[in-house]
Every structure is written in C-alpha cells, then in structure tokens.
Amino acid sequence: MKESCGGGRKQGTPSPCAACKLLRRRCAEDCVFAPYFPADEPHKFANVHKVFGASNVNKMLQELPEHQRGDAVSSMVYEANARVRDPVYGCVGAISSLQQQIDMLQSQLAQAKAEVVHLRVWQSATLSNHGPGPASPSNSGSPSSRLMASQGKAIFDMDMMVDQPGLGDSIW
C-alpha cells in the first residue's frame, strides 16, 4: 500500500505533508496525500483522519483519477469538519438548517409580496376615491404603514405610479 508523501512538495523541501506529519512517517516523493494536505494546514488532515481513517482516504484517492481527487478531498474535508462539529448529523444537519432558513425566508418574501399588493390596492383605491393627492398610508392598518406612520415620514414614496401593473396583473 502506497502511503508515502512528497508529490506536492518542492524538491529539496524537508517538510512532510500534514498527513505524514500526523501519522509520523517519512514523506516520499509519490505521496498521494501531499498535493491535498499541505504541511501548513494540519487541521484538514486531522479531521479527515479522525472521521474516515488514513487508510480509507488513501484507498479512495488511489481509486480516483487524478483530476477528481481535489474535489474528493474537498468533500471529505467538508464532511469531516461537519461531522466533528455535529457527530450525529454531520452535513445533513447543516443542510437541514439551511433548508429551514430558506423556508423561513420564502415565507417572509411571500408576506412582503402580499404587503406590496395590499398597499398597491389601497393606493389605487385611495387615488380613485380622492383623486391624485398626497396619499397617507397610515390608515391602511398594515405593518409597514404603521411603521411609516410611527416614524413620521414615508420609508418609500407611495405616490409613484409609473409602470405599475393593473390590479389584475401579476407583479412577479
């Protein structure tokens, strides 16, 4: 089994790669780890070794074509770091957390879009009932209207009706 190091080092550099340093062995010229685990990043290999084991990482890298090894190492490092942070869920925990954030943000976006439609309907009704005058959104009862009224000035100008779709048209 080839587990020696050195392929990613400059000629004459005596420093072993992070893998060989952690495993306390001599780093040879054709080391499979050296291009991906440099000596100045020992934490990368430490976590990968802790989660996958050096022998398994060596086997995985040797079975892959060289042009795919960098991506495989990046994936192993990401998974190992996630597994160290969260031993039970690892990457799945991070993905689940991000999915929850996406769901929450999509809900907030839908609420904001509904608020825009509500304000446009209110503005259209105000303009058609009272003619083109300064609109005061403080009476609509919407959260943004209450916020604008409490600040004493509009956050955005509600009098602009340039290129706005009609009430039946979709705005998104």
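This is a predicted model, so every value here is computed, not measured.

Peer 1: I'd like a rundown of the overall build of the chain, residues and numbers included.
Peer 2: Of regular secondary structure, the chain possesses six helices and zero strands. Going from the N terminus to the C terminus, the chain shows its helices and strands as α-α-α-α-α-α. Burial statistics for the chain: of 172 residues in total, 27% are counted as buried. For the chain, the share of sequence-separated contacts (at least 6 apart) that also reach a separation of at least 24 residues comes to 51%. A total accessible area of about 11,300 Å² is found for the chain, and carbon and sulfur atoms account for 56% of it.

Peer 1: So what about unusual backbone geometry? Which residues, and what values?
Peer 2: Its identity as a non-glycine residue notwithstanding, arginine 24 has a phi of 55 degrees, on the positive side. Within the fold, arginine 24 resides in the loop between α1 (18–23) and α2 (42–52). Accessibility expressed as a relative area gives 78% for arginine 24, which makes it exposed.

Peer 1: Would you mind going over the packing of α2 against helix α3 (residues 54–63) in detail, with residue names and values included?
Peer 2: Remark: α2 packs on α3, axes separated minimally by 7 Å, with the N-to-C direction vectors making an angle of 100 degrees. Taken together, α2 and α3 sit at an angle that is classed as roughly perpendicular. From α2, Phe45, Val48, His49 and Phe52 reach across to α3, where they touch Ala54, Asn56, Val57 and Met60. Of the residues in the contact of α2 with α3, the class split is six nonpolar, two polar and no charged.

Peer 1: Pulling in residues and values, what's your account of a nonpolar patch on the surface?
Peer 2: A cluster of nonpolar side chains, namely Val88, Tyr89 and Val92, defines an oily patch on the protein surface of about 330 Å² accessible area. Note that tyrosine 89 resides in the loop between α4 (66–85) and α5 (91–130).

Peer 1: Describe the nonpolar core, and please don't skip the residues or the numbers.
Peer 2: One broad trend across soluble globular proteins is that nonpolar side chains are buried collectively. Of all hydrophobic cores here, the largest spans 21 residues; its most connected members are Cys17, Phe33, Phe37 and Leu61. Elements that contribute at least two residues to this core include exactly α1, α2, α3 and α4. Counting residues per element, this core draws most heavily on α4, which supplies five residues. In this structure leucine 61 touches Val32, Phe33, Tyr36, Arg69, Val73 and Met76, once residues within four positions along its chain are discounted.

Peer 1: Account for the confidence of the model for the chain, naming residues and giving values.
Peer 2: Predicted coordinates in regions of low pLDDT should not be interpreted in detail. Per-residue confidence for the chain gives a mean pLDDT of 77; residues scoring 70 or more make up 67%. In the predicted structure, residues 1–10 sits below a pLDDT of 50 and forms 45 contacts with residues beyond four places in sequence or in another chain.

Peer 1: Lay out the pattern of salt bridges with the relevant residues and their values.
Peer 2: Enumeration over the complete set of coordinates arrives at two salt bridges. One salt bridge in this structure joins lysine 44 and glutamate 41, with 3.4 Å as the shortest N-O distance. For the salt bridge of glutamate 79 with arginine 83, the shortest nitrogen-to-oxygen distance reads 3.2 Å. One end of the pair is glutamate 79 and the other is arginine 83, both in helix α4 and four residues apart, which spans about a single turn.

Peer 1: Let's hear about the packing of α2 against α4: which residues, and what values?
Peer 2: Running from N to C, α2 and α4 cross one another at 75 degrees; their axes reach a closest spacing of 8 Å. In terms of orientation, α2 lies roughly perpendicular with respect to α4. Residues Lys44, Asn47, Val48, Lys50, Val51 and Phe52 of α2 pack against Met76, Val77, Glu79, Ala80, Asn81, Arg83 and Val84 of α4. When the residues that make up the contact of α2 with α4 are grouped by side-chain class, the tally is seven nonpolar, two polar and four charged.

Basis of the calculations
Residues numbered from 1 in each chain as written. Predicted model: local features only at pLDDT ≥ 70, side-chain atom pairs only at ≥ 80, totals over all residues. Heavy atoms only, no water. Helix = DSSP H or I, 4+ residues; strand = E, 2+ residues; numbered from the N terminus. Buried < 20%, exposed > 50% of the residue type's maximum accessible area, 1.4 Å probe, protein only. Contact = heavy atoms within 4.5 Å. Areas by Shrake-Rupley, 256 points an atom, 1.4 Å probe, with all protein chains shown as cover. Axes fitted to C-alpha atoms, helices over the stretch in contact; angles between N-to-C directions. Parallel < 35°, antiparallel > 145°, perpendicular 65-115°, else oblique. Nonpolar A, V, L, I, M, F, W, Y, C, P; charged D, E, K, R; others polar. Patch = residues over 30% accessible without salt bridge, like charges linked within 9 Å, V, L, I, M, F, W, Y side chains within 5 Å. Salt bridge = Lys/Arg side-chain N within 4 Å of Asp/Glu carboxyl O. Core = buried A, V, L, I, M, F, W, Y, C linked by side-chain atoms within 4.5 Å. pLDDT = per-residue confidence, 0-100.

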